[in-house]
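Structural overview
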Amino acid sequence: MFRPSLVHWAVIGTVVFLLAPGLAGQVAPDSRQVSSADFLSAPDSGLSPRLSHIFSGINASLVGGYLEELVAIGPRVNNRAGCEEAAEYIAQQFRDMGLITYMHPWTAWGNRGHPGRFSGRNVVGELPGTDASSDAIFVFNAHYDTVRNTPGADDDASGVAAVLAAAHVLSQHRFAHTIKFIAFSGEEVGLLGSHAYARAAFDWDEPIVVEFNADMIGHAHGENGSRFRMYGTEDAEWVMGVVEDLNAASAINFTLTSGFVTRSRQGGSDYASFAQYGYETLAFFEYEWNPHMHTPEDTLDNVNISYLVNTTRLITISLAELASTPALPRQAVIDLPQRGGLYVDGVRRWSFSSSRTAVVGDATVSVSYRFGSGPVEKVEFYVDDQLVHTDTTAPYSWTGDRLLLGRHEVKVHLYDQTGLASTDIMSAFFVSR
Ligand SMILES: [Zn+2]
């Protein structure tokens, strides 16, 4: 089977661009037809000039090049050399783009299916925002580790290639807010790398507006090449709206399937690590089930490059648009009890290694927020979906006034001039009266 090299991709891309600059965004049925000259969809006039430029910067040569180099490393199994080689490769790409580049080392126990101690390094490339008054961060991540005996082309070199391609193109522009491009390891053994990152971000109160997760975004045949999935937390619905609008305005025009994810500790990919710590997340997946996942057949040949280019384009222009948004919606944060701690009479006495939270004695709940402007109208406090308190003045809090034994769900609604601006929701184990 023909496996195009980086040079091949460059040649194919250039030839197609020269021969057919105006082709519409039709998707090739699979990668074997990649030279059928139909993957360079023309940027539509519905996009701003800057977004059009970013859109066309994401092409088969760029995305295919990263994909091929990642896959060439071979299986990228946690605790093995292939994984470390991939980390070095990704870090070098970020450095070459001029991003602030660093490794975030982690060590953790694997999940039930993957017992044992694992360690690895998340690779972060940061593009600092230009607005000095903004501390807002957008995260775009994918995982570079694989299970054994697979080249992991779609799972998830496709996502990492998208992160690298987005970083490459966006690093040539400036945005008001900071963008962090992250390649995680430890995903296949229990979302370990992303959990370590999200936990540290949460403990440091890192103001992440939304996390974009790309895991398996390059597999499609026929009609499925015009379909794409996204699943987000409920507060990220406005972000889904941005993606939908840009999808319609661009030449891609995927049929988008969307839905909501919960904030539980379980989840199919790294987005769950962010969701369980209260961050907003939007996870992207190919529409079609990939039967090659976790097999030796998850190869370059089974990735549809034209589809991967289009999925990467949509994610990248969405990120660019969001990172330029002047007014970010308010985000409520339950800061007492803080996730991952054991509280006794309101004082943190222990930190769990997970987002598990326990409250003994005083069950005070307090709320702060990130972003937004104008006054906060009120904060409503709910226990198990029952309204227990409304606070109209800062600091916003509810002093526990009832018997709570066992697991309960605490939810807060924050209202400002936009109406219900944000919800935060967490569950904790209470021994409180
Ligand atoms: Zn994956």
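Placed above this text is the structure.
Read on for a plain summary of the structure. (Residues numbered from 1 in each chain as written. Predicted model: local features only at pLDDT ≥ 70, side-chain atom pairs only at ≥ 80, totals over all residues. Heavy atoms only, no water.)

What about the nonpolar core?
For soluble globular proteins, nonpolar side chains are generally found buried alongside one another. Core analysis: the largest hydrophobic core is formed by 79 residues, its most contacted members being Ile90, Phe94, Phe140, Phe181 and Phe212. At twelve residues, the largest contribution of residues to this core is made by helix α5 (residues 153-170). Apart from residues lying up to four places away in sequence, isoleucine 90 is in contact with Leu70, Val123, Tyr144, Val160, Leu164 and Ala183. Listed in part, the 21 residues of the second largest apolar core include Val359, Val365, Val376 and Val388. (Core = buried A, V, L, I, M, F, W, Y, C linked by side-chain atoms within 4.5 Å. Buried < 20%, exposed > 50% of the residue type's maximum accessible area, 1.4 Å probe, protein only. Helix = DSSP H or I, 4+ residues; strand = E, 2+ residues; numbered from the N terminus. Contact = heavy atoms within 4.5 Å.)

Points about the sheet that holds strand β16 (residues 396-398)
Pairing between the strands of a sheet is mediated by backbone hydrogen bonds and can be parallel or antiparallel. The strand order across the open sheet formed by three strands is β9-β13-β16, and the pairing between neighbours is antiparallel. Whereas interior strands pair on both sides, the edge strands pair on one side only; in this sheet they are β9 (331-336) and β16. Across the sheet, the mean angle separating the axes of adjacent strands is 30° when strand polarity is ignored. Strand direction decides the pairing type here: β9 and strand β13 (residues 365-370), joined by five bridges, are antiparallel. Bridge pairing links valine 333 to serine 368 in β13. (Pairing = 2+ DSSP bridges. Axes fitted to C-alpha atoms, helices over the stretch in contact; angles between N-to-C directions.)

Comments concerning the coordination of the zinc ion
Octahedral metal centres with six donors ideally show angles of 90 or 180 degrees, and tetrahedral centres with four donors ideally show 109.5 degrees. Ligation of the zinc ion by protein atoms is provided by His143 (NE2), Asp155 (OD), Asp215 (OD) and Asp215 (OD), these donors lying 2.0 to 2.5 Å from the ion. Around the zinc ion sit four donor atoms; with metal-centred angles ranging over 54 to 149°, the donor geometry is irregular. (Donors = N, O, S within 2.8 Å, 3.2 Å for Na, K, Ca; no water. Tetrahedral: all angles 85-135°; square planar, octahedral: opposite > 155°, others 65-115°.)

Some remarks on the pattern of salt bridges
The tally for this structure, following the rule as stated, stands at twelve salt bridges. A salt bridge links arginine 121 to glutamate 88; its shortest N-O distance comes to 3.0 Å. With arginine 121 in strand β2 (residues 117-127) and glutamate 88 in helix α4 (residues 81-96), this pair connects stretches of sequence that are 33 residues apart. Under the relative-accessibility criterion, arginine 121 is labelled partly exposed at 22%. Across the pair arginine 330 and aspartate 416 runs a salt bridge, and its minimum N-O distance is 2.8 Å. In this pair, arginine 330 sits in the loop between α9 (305-322) and β9 while aspartate 416 sits in strand β17 (residues 404-416), placing the two residues 86 residues apart along the sequence. For aspartate 416, a relative accessible area of 3% gives the class buried. Ionic contacts of the salt-bridge type, sharing partners, join the residues Glu84, Glu88 and Arg121 into one network. (Salt bridge = Lys/Arg side-chain N within 4 Å of Asp/Glu carboxyl O.)

Section: the packing of helix α7 (residues 237-249) against α9
Two elements in contact, α7 and α9, have axes separated by 9 Å at closest approach and are oriented at 120°. By the criterion of interaxial angle, the relationship of α7 to α9 is oblique. Relative to α9, the crossing made by α7 is right-handed. Every residue of α9 that contacts α7 at Trp238, Val239, Val242, Val243, Leu246 and Asn247 is listed here: Leu314, Ile317, Ser318, Glu321 and Leu322. (Parallel < 35°, antiparallel > 145°, perpendicular 65-115°, else oblique. Left-handed = near helix turned anticlockwise from the far one by under 90°.)

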